[in-house]
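Letter by letter, the chains look like this.
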Amino acid sequence: MYYSDGVRYRLYSGTNLNIPIYPNKAISVAERNKLLGKLLFEVNKAFETGYAPQVVTEVEPIKVQKVIVKTTEQAFRDVEYAKMTSPLSYDYKKELKRLVDDFLKFLTNDEKADDIKNLEQQRVEDFLNQHKATSTYYMGRRRMLSVFFAEFIRKKLITDNLSKNAPRLKTKAALHKIYTKEQLTTILQFLKTNNEDLYICCLLAYCCMLRPHQEIRLLKRKHFNDSFSLISLSGAENKSGRVRVVSIPEYLQPLIKQRLSTVHEPEINLFTLTQTTYNDYYFNLIWSRLKPAMYSKGILQKDQTIYSFRHTAAVDVYNRTKDIHIIQQLMGHSTMIVTLNYLRGLGELNSQQLKDALPVLEFI
């Protein structure tokens, strides 16, 4: 061991001096001491002739960025699995799975096995172009496919949303035509006579503005308070994802109470009166069976559906309050944009209404 310019160095052999002296390889202590003495002599001799020890500097390690490689098929299946295990509606999950299966079936084996980053924009557009039978169907598939690419971007697998980059097609918004006051009375009376389950469902859709298939169908005793004046839904039990408390009008409370008066088990369903629920299409099936009779009696018009009861309720509340915020709260909408869609049933104003709505300047 020696110091040079304040730096400590250790020599265990003559390698740095290009001399074959290896004290640690000696087979005895005497031989090792002899080699150490020889090494010390050579070191001193080297210093006398101008030898300077080599300073080894640390080289900063190169940071290698981790590259995430995911095949196109695996990327889609991963997102599909995440969606299937999320609290989404059964129909939405079904459509997501169908889309993934169709898209992967469309791709070649090489494309499915290749890195998702290499998926071409044109291939996404070619797939979507197969669904141009109607603009609504095309845009629906484009929107749903965009959900997957948005997840890929979030996971840093890709940088562009190839589905959103695809051309848009103009769609015509579907409208659940509202009922007149006379129709409401007539249709509800018809439903009461022919199917009590559907009658109660439509009453709750109108009076409480609940969603027929995702909320009303799944109502249980635990969702009602003791006086049957309130319905409480957790965030996982309604579409908005937030806790929702709905008042039940006094004229509807006796009907619900009659149904559940002898029920004490919290998990009993309002309609089946058991712990099981009807399937997702139960109310639609009953409606489709009764619709021809309602058409023949002239009490139902085209584009009027079970959801029309919610739309009719929204228009009724707006006509009485002129407050869109109240409607948003009553209907459990996440944004006011959704609420505005429900008010399309207001229709066009007549010439006198438009004239009365013109701005006025008081000083003229």
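Everything quoted here is computed from the prediction, not taken from an experiment. (Residues numbered from 1 in each chain as written. Predicted model: local features only at pLDDT ≥ 70, side-chain atom pairs only at ≥ 80, totals over all residues. Heavy atoms only, no water.)

Enquirer: Got a sec to walk through the nonpolar core? Specific residues and values, please.
Expert: Leu191, Leu204, Trp287 and Phe309 are the most contacted members of the largest nonpolar core, which totals 51 residues. Residue assignment for this core shows that the elements contributing at least two residues are helix H7 (181-194), helix H8 (196-207), strand S3 (230-233), helix H9 (253-260), helix H10 (282-296), helix H11 (308-321) and helix H12 (324-331). A per-element tally of this core places H8 first, with 10 residues. Excluding residues within four positions of it along the chain, Trp287 makes contact with Tyr179, Leu191, Leu198, Cys202, Met294, Leu300, Gln304, Thr305, Ile306 and Phe309. (Core = buried A, V, L, I, M, F, W, Y, C linked by side-chain atoms within 4.5 Å. Buried < 20%, exposed > 50% of the residue type's maximum accessible area, 1.4 Å probe, protein only. Helix = DSSP H or I, 4+ residues; strand = E, 2+ residues; numbered from the N terminus. Contact = heavy atoms within 4.5 Å.)

Enquirer: Hey, could you go over the state of the cysteines for me, with residue numbers and the actual values?
Expert: According to the stated counting rule, one finds 0 disulfides in the structure shown. Cysteine Cys202 shares no disulfide, and the gap to the nearest cysteine sulfur, in Cys201, comes to 5.1 Å. Owing to a relative accessible area of 0%, Cys202 belongs among the buried residues under this scheme. With no disulfide of its own, Cys208 lies closest to Cys207 among cysteine sulfurs, the gap being 6.1 Å. (Disulfide = S-S within 2.5 Å.)

Enquirer: Any details on the side chain of Arg221? Residues and values, ideally.
Expert: Its place among the elements puts Arg221 in the loop between H8 and S3. A polar side-chain atom of Arg221 sits 3.0 Å from the main-chain carbonyl oxygen of Phe224. Contact partners of Arg221, with chain neighbours within four places excluded, come to Asp226, Phe228, Leu260, Val263, Glu265, Pro266 and Ile268. (Polar contact = N/O pair within 3.5 Å; in protein donor to acceptor, adjacent residues only side chain to side chain.)

Enquirer: So what's going on with the pattern of salt bridges? Residues and values would help.
Expert: With the rule as written, the count across this model stands at 18 salt bridges. The shortest N-O distance in the salt bridge between Arg123 and Glu111 comes to 2.7 Å. One end of the pair, Arg123, is in helix H5 (residues 121-129); the other, Glu111, is in helix H4 (residues 109-113), and 12 residues separate them in sequence. According to the relative accessible area criterion, Arg123 is buried, its value standing at 19%. Arg221 is the partner of Asp226 in a salt bridge, and the nearest nitrogen-oxygen pair spans 4.0 Å. On the accessibility criterion, Asp226 (71% relative accessible area) is exposed. Within the structure, one salt-bridge network assembled from shared partners comprises Arg77, Glu80, Lys97 and Asp101. (Salt bridge = Lys/Arg side-chain N within 4 Å of Asp/Glu carboxyl O.)

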